[in-house]
Amino acid sequence: MIQRKDLLTFQFYKKEKFTGSFRGMRYLIQKESSDETDLFAVYVWFGLYSFSATPETEKTKKTFPFAEESLEDIAKYLNDSYIRNT
């Protein structure tokens, strides 16, 4: 399963996005801004294709507050997404 330590440091997300995979599930985590508020945007999809090559209808998106504590919630969300779709 995906653990918090697998998601890099909070500082990383201030400048970069992160893509990963787990047993056929792919995910992208990045910082996005909405109404002057920073958020983590987490996209999940299944299959062989990259984020840009996967149709939007096959991706799910969930947002979290842009805070270090959210990375634990993101790991849980990714694991729940994998369990729901297998």
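Here the structure is shown first, and the text comes after it.
Residues numbered from 1 in each chain as written. Predicted model: local features only at pLDDT ≥ 70, side-chain atom pairs only at ≥ 80, totals over all residues. Heavy atoms only, no water.

Participant: Explain the sheet that holds strand β2 (residues 25-34) to me, and be specific about the residues and the numbers.
Facilitator: Taken in spatial order, the 4 strands line up as β1-β2-β3-β4 in an open sheet, and their pairing is antiparallel. This sheet does not close on itself; its edge strands, each paired only once, are β1 (18-22) and β4 (60-65). Ignoring strand direction, the axes of neighbouring strands in this sheet form an average angle of 25 degrees. Bridge analysis of strand β3 (residues 37-46) against β4 gives 6 bridges, and the strand direction is antiparallel. (Pairing = 2+ DSSP bridges. Helix = DSSP H or I, 4+ residues; strand = E, 2+ residues; numbered from the N terminus. Axes fitted to C-alpha atoms, helices over the stretch in contact; angles between N-to-C directions.)

Participant: Report on the side chain of Ser70, specifying residues and quantitative values.
Facilitator: Note that Ser70 resides in helix α2 (residues 70-84). Classification of Ser70 as buried rests on a relative accessible area of 5%. Other than its neighbours up to four places away in sequence, Ser70 contacts Phe40, Phe64 and Pro65. (Buried < 20%, exposed > 50% of the residue type's maximum accessible area, 1.4 Å probe, protein only. Contact = heavy atoms within 4.5 Å.)

Participant: Let's hear about the nonpolar core: which residues, and what values?
Facilitator: The biggest cluster of nonpolar side chains holds 20 residues, and the ones touching the most others in it are Leu7, Tyr27, Ile29, Phe40, Ile74 and Leu78. Among the elements of the structure, α1 (10-13), β1, β2, β3 and α2 are those that each provide at least two residues to this core. With 6 residues, α2 is the largest single contributor of residues to this core. With residues up to four places along the chain from it excluded, the contact list for Leu78 reads Ile2, Leu7, Met25, Tyr27, Ile29, Val42 and Val44. (Core = buried A, V, L, I, M, F, W, Y, C linked by side-chain atoms within 4.5 Å.)

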